[in-house]
Each structure stands twice: as structure tokens, then as C-alpha cells.
Amino acid sequence: MLTPSLAQEIARDISAVIGFNVLITDGDGTVIGSGDVGRVGSFHEASVEVMRTQELATHTSSQAHALRGVKPGITLPLVMDGQAVGTVGITGAPGRVRRFGLVVRRQTEILLQESAQLRSRLLRERALEDLLRDIASYDADLVEPDLVLFRATELGYDLSLPRVAVIVGVPVPGEAGGHGPSQDVSVLRSELLRTIREVFADPQDAVTTMASGRFAVLHRVPRRQTSEAAAVTTAACRRVVDVIALHHELAARAAVGDVATSVAGLHDSYQDACDALRLGARVARETAVHTIGDLRLHQVLATVGHRTRARLVDLVVGPLRAQPDWPELRRTVVTWCEHGFSLVRTSAALYIHRNTLLYRLGKIERLSGQTLRDHRTSLALYIACLADQLDDLD
């Protein structure tokens, strides 16, 4: 699109390079860019005929004098997709400026094409951001899913294919909560978006920027989401985190929702991924990639009021919580339950000797007054420990 701001920028820059005034007109023959800013807004009569014929025209002093708003020089049509959209003129003796004519015209057309392509990309990016935001805030009572599906199809995405939502969180310097070396935020966000797209490169992977320092991916997965396929998605997230750390020196996190094949399902997957990112950063800070499947209980507990959680913790693990080694005891209970109440697997996961584990379990039983051989007791302790993890970081 030939806009006045773009035309003025092109005319000014080319005039400075060739040493002759360059002016650009729109489709009505009005000057919208000129090295001589006094000519901007005036009518250039010669441009009307040049656009009609799409042929170059030269004007001597006498010829220019007979035309409104024209000075000696050369005028050439600017053609986009076979249609004249304006003209570019060079002021000066025709014999001197003619040699610049075709070069200036071609350079101007190239700049216009690049501007049009950039505008097209920006419009597509904006449409993709709007699509992801519509999915993120989707309400079946307010929006027809077919409308969202149609908009996705227009952008080339089939939302009926199995997908998982992936959220990548990055502390972008200069934005809220961002840390690290100072850098132009818009440039950095573009570079981060490109990095994520290089990993999630399937044509059906929809990748865009969301809120400050947050990026979203609707990642296509196989129709049968096996454990192996899920591991591939997790590995891709780890690769994104590693590349961001390597090239941008930023500590990113990623989270994965569940598989979905509908607009409502993608909304839930997106919300689950957001919850996994938030909760994972609180209860598994040593891990950079989180899946909602590993955090379902935390997600449920997070919906319970703080006072209710605090009462549960106090009733179930109150005496334990008063111990100076409570974080260690809590980790032991959580690992014991998550590894099937197995001494071998639990001690291996905690990197401690079996006897050390037995000592800790005995201490937990003695202080709580409950036996861990009763799995219902162990599960009650487990849930209380998860609740305490959440409140410990509030």
C-alpha cells in the first residue's frame, strides 16, 4: 500500500542519494512524498497521463510550464500487480535525470512490495493473536465454535486435528517482572517468537505472542497421543527452554495442557497449560517444563480457599510442620506416595540410603501419630503436603 508516510520516507532517502529531487504521487496525481517537502499535497498533472498509459514521460521546461504542478524532469508509473498505483518523478534536465529513472522506479517498487508483504505479515500475526486470545477466553454461551473454526481455517489451521496447548513463559527484560540485560523489547519478542517457531515447525503448529513475556502454541500431535508422543512434546519444550537460555540468557519455562480436538477442548487445554506454568514455577522450581498431568492435584487444591487449605495442613501435619527439617519430611511424604509406597523406588528418587528413608518414615509416624502402612493415611498426608507447598510460597 502506497501510504503518505512511506512515500515521504522513500522520496527523502532517494533524493539524498541521487542528488535530484524525487517526488511520489498517489493514484489521483497528488504529491504524497517529495525531497522538496513544499510540493507535498500539490497536484502533479503529468502523473494522470503516465498512470493511464503506464509509460514513462519526460518534460522539458516549456512542456512542464504548460502542466499544473510539473517541473522539468521525468515521470514514471509505479506498477503493483499490473496496476498503476502512483508515479515517481525526478526533477532536473531530462537528459541528466533519465539515467536514474528506471533504477529509482524499480527501487521504489521493491520498497512498496516489501512494505506490502510486511503489512500482510503483520495483519496475519494480529489475526493469529486474536484467534489464540479468542480460544483462551472462549465461552460456549457467548460464542459459536463454528465462528472460531472458520477464522482458524482462513489462517490455514484445522482445529479438528488433535492438539495440545503449550505456554512458554519468559522474563522479558523491560517488561513487567523481566530481568536480565537491557534490550529492545519488541526486537527480543520477535526473536523469541522465531526461536519457538523453529522448534514447533509443523505448518499446523499455531505459534504467537500472548501477554507480556508469554507465548502460546497450539501444537499438533498424533491422532493417538501415546506416552511416546507426549514425551516428544515435552522434549520440544525442553529444547525451546534450552535454546532461549543459550541464545538470550533468559530462564524460560514451558507448560503443556491436555490433548483437544474442539474449540472448547483447546480452551481447557490452554487454561490447563497456564495453570501448569503457574503452579509448576511454585512447587517444582528446579524443573523448567511442566505438564498438567503432573499437577492435577495442585490445580484442584489451588481452587480451594487459603483458609480451608491451611486448616487441612494444620489438622493433618501440624506437629510435623513445626519441625526444623519439615521441608525434608514433606518431600519424603510426597516422594513416598508418588513412587507407590516402595522403599526401593522412594530411596532412589530421594538419593538417600534405605535406612535413612526408614528413619524419616518412622519420625513422620511418631510425630503424626499415624501409620504410613495405611495408604489412606499416606494419601491424606500427601494431599496436606501438596497444600502446604502451595501456601508455603504464597
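The residue count restarts for each chain, going from 1 along the sequence in the order it is written. Owing to the predicted nature of the model, reporting of local features is limited to residues with pLDDT of at least 70; listing and counting of side-chain atom pairs is limited to 80 or more, with chain, interface and lining totals taken over all residues. To obtain the side-chain values, all non-hydrogen atoms of the structure were included, while hydrogens and water were left out.

Novice: Quick one: what's the story with the overall build of the chain, residue by residue and with numbers?
Specialist: Runs of H or I in DSSP of at least four residues are treated as helices and runs of E of at least two as strands, each being numbered from the N terminus. What the chain contains, in helices and strands, is 14 helices and ten strands. Radius of gyration here is computed from C-alpha atoms only, and the compact-globule reference equals 2.2 Å multiplied by the residue count raised to the power 0.38. In summary, the chain has a C-alpha radius of gyration of 32 Å against a globular reference of 21 Å for 394 residues, an excess of more than 25%. Each principal axis of the C-alpha distribution contributes one length, and for the chain these read about 110 × 45 × 35 Å. Buried residues in the chain amount to 45% of all 394 residues. Contact definition: two residues touch when any of their heavy atoms are within 4.5 Å. Intrachain contacts of the chain at a sequence separation of at least 6 include 60% that bridge at least 24 residues. In this count, Lys and Arg are taken as positive residues and Asp and Glu as negative ones, while His and the chain termini are left out. The atoms used to mark charge sites are NZ of Lys, CZ of Arg, CG of Asp and CD of Glu. Placing the 44 positive and 46 negative side-chain charges of the chain at their respective mean positions leaves the two points 4 Å apart. Exposure categories follow from relative accessible area, calculated using a 1.4 Å probe and restricted to protein chains: below 20% of the type maximum is buried, above 50% is exposed, and the middle band is partly exposed.

Novice: Break down the nonpolar core for me, with residues and values.
Specialist: By nonpolar core we mean a set of buried residues, namely Ala, Val, Leu, Ile, Met, Phe, Trp, Tyr and Cys, connected to one another through side-chain atoms within 4.5 Å. Residues Leu159, Leu218, Tyr270, Val317 and Leu381 are the most contacted members of the largest nonpolar core, which totals 55 residues. Once residues within four sequence positions are removed from consideration, Leu381 is found in contact with Val316, Val317, Leu320, Val333, Ile364 and Leu372.

Novice: I'd like a description of the sheet that holds strand 9 (residues 253-260), backed by residues and values.
Specialist: Whether two strands pair comes down to DSSP finding at least two bridges between them. Strand order in the open sheet formed by five strands is 7-8-6-9-10, and the pairing between neighbours is mixed. Of all the strands in the sheet, just strand 7 (206-209) and strand 10 (289-291) have a single pairing partner and so form its edges. Averaged over all adjacent pairs, the angle separating strand axes in this sheet is 15°, with direction ignored. Bridge analysis of strand 7 against strand 8 (residues 214-220) gives four bridges, and the strand direction is antiparallel. Across the sheet, the residue bridging to Ala206 is Leu218, located in strand 8. Only the stretch in contact is used when fitting a helix axis, every axis being a line fitted to C-alpha atoms; angles between N-to-C directions are given from 0 to 180 degrees.

Novice: Account for helix 10 (residues 306-321), with residues named and values stated.
Specialist: When the terminal C-alpha atoms of helix 10 are compared, their 17 Å separation across 16 residues is substantially less than the 22 Å that a helix rising 1.5 Å per residue should span. A maximum bend of about 60° is found in helix 10 at Leu315, where proline Pro319 lies one to four positions downstream. When helix 10 is considered as a whole, its buried residues turn out to be Arg309, Val313, Val316, Val317 and Leu320. Here the expected length of a helix is defined as 1.5 Å per residue gap, with one fewer gap than residues. In this analysis the local bend is the angle between axes fitted, respectively, to the seven residues ending at and the seven residues starting at the residue.

Novice: Describe in detail the pattern of salt bridges, supporting the description with residues and values.
Specialist: Counted as salt bridges are all cases of a side-chain nitrogen of Lys or Arg within 4 Å of a carboxyl oxygen of Asp or Glu. Within the structure shown, the criterion is met by 15 salt bridges. Note that Arg106 is salt-bridged to Glu109, the shortest N-O span being 3.9 Å. In this pair, Arg106 and Glu109 both sit in helix 4 (residues 94-136), three residues apart, roughly one turn of the helix. A salt bridge links Asp134 to Arg151, with the shortest nitrogen-to-oxygen separation between them at 2.2 Å. In this pair, Asp134 sits in helix 4 while Arg151 sits in helix 5 (residues 145-154), placing the two residues 17 residues apart along the sequence. For Asp134, a relative accessible area of 27% puts it in the partly exposed group.

Novice: Hey, could you go over the pairing of strand 8 for me, with residue numbers and the actual values?
Specialist: For strand 8, the tally of buried residues reaches five of seven residues, placing the bulk of the element in the interior. Examined bridge by bridge, strand 6 (residues 163-169) and strand 8 share seven bridges and lie antiparallel to one another. Looking at the pairing, Val168 lines up with Phe215 of strand 8. Hairpin connection between strand 7 and strand 8: a loop of four residues separates the two successive antiparallel strands, and Gly213 in this loop has a positive phi of roughly 70°.

Novice: So what about the environment of Val168? Which residues, and what values?
Specialist: For Val168, the location among the structural elements is in strand 6. Separated by 45 residues in the primary sequence, Val168 and Gly213 place their C-alpha atoms 8.3 Å from one another.

Novice: Could you give an account of the packing of aromatic side chains, with specific residues and numbers?
Specialist: Aromatic rings from Phe, Tyr and Trp, with only the six-membered ring used for Trp, were paired whenever their centres fell within 6.5 Å, and each pair was classed as stacked if the ring planes differed by under 30 degrees, edge-to-face if by over 60, and tilted otherwise. Summed over the entire model, instances satisfying the criterion amount to two aromatic pairs. Look at Phe20 and Phe100: their rings are 5.7 Å apart centre to centre, the planes differ by 50°, and that puts the pair in the tilted class. Taken as a pair, Phe20 in the loop between helix 1 (4-18) and strand 1 (22-25) and Phe100 in helix 4 lie far apart in primary sequence, 80 residues in all. Assigned by exposure class, Phe20 and Phe100 land together as buried. When the ring of Trp336 is compared with that of Phe341, the centres are 5.9 Å apart and the planes differ by 70°; the resulting orientation is edge-to-face. Side by side, Trp336 and Phe341 carry an identical accessibility label, which is buried.

Novice: Could you give an account of the packing of helix 11 (residues 326-338) against helix 12 (residues 343-350), with specific residues and numbers?
Specialist: Look at helix 11 against helix 12: their axes get within 9 Å of each other, and the N-to-C directions meet at 130°. Here helix 12 runs oblique to helix 11, going by the angle between their axes. Seen along the crossing, helix 11 lies across helix 12 with a hand that is right-handed. For the pair helix 11 and helix 12, the contacting residues are Arg331, Thr332, Thr335 and Trp336 in the first and Leu343, Thr346, Ala349 and Leu350 in the second. For the contact of helix 11 with helix 12, the per-class residue count stands at four nonpolar, three polar and one charged. An angle below 35 degrees is read as roughly parallel, one above 145 as roughly antiparallel, one from 65 to 115 as roughly perpendicular, and any other as oblique. Should the near helix be turned counterclockwise from the far one by less than a right angle, the crossing is left-handed, whereas a clockwise turn marks it as right-handed. Each residue is assigned to one of three groups, with Ala, Val, Leu, Ile, Met, Phe, Trp, Tyr, Cys and Pro labelled nonpolar, Asp, Glu, Lys and Arg labelled charged, and all others, Gly among them, labelled polar.

Novice: Could you give an account of the sheet that holds strand 4 (residues 73-80), with specific residues and numbers?
Specialist: Strand order across the open sheet formed by five strands is 2-1-5-4-3, with antiparallel pairing between neighbours. What marks the edges here is a single partner per strand, and that holds for strand 2 (31-34) and strand 3 (57-59). On average, adjacent strands in this sheet sit at an angle of 25° to one another, irrespective of strand direction. Bridge analysis of strand 1 against strand 2 gives three bridges, and the strand direction is antiparallel. Its bridge partner lying in strand 2, Leu23 is registered against Ser34. The strands that helix 1 touches are strand 1, strand 2 and strand 5 (83-91); relative to strand 2, the one it contacts most, it runs at about 35°. The strands touched by helix 2 (residues 45-53) are strand 1, strand 3, strand 4 and strand 5; relative to strand 5, the strand with the most contacts, the crossing angle is about 135°.

Novice: Can you lay out the environment of Ala254 for me, pointing to particular residues and giving the numbers?
Specialist: Locating Ala254 in the fold gives a position in strand 9. When the C-alpha positions of Ala254 and Ala273 are compared, they lie 8.5 Å apart, and in sequence the two are 19 residues distant. Non-local contacts of Ala254, meaning those with residues more than four positions away in its chain, are made with Ile167, Val168, Cys237, Val241, Leu277, Ala288, Val289 and His290.

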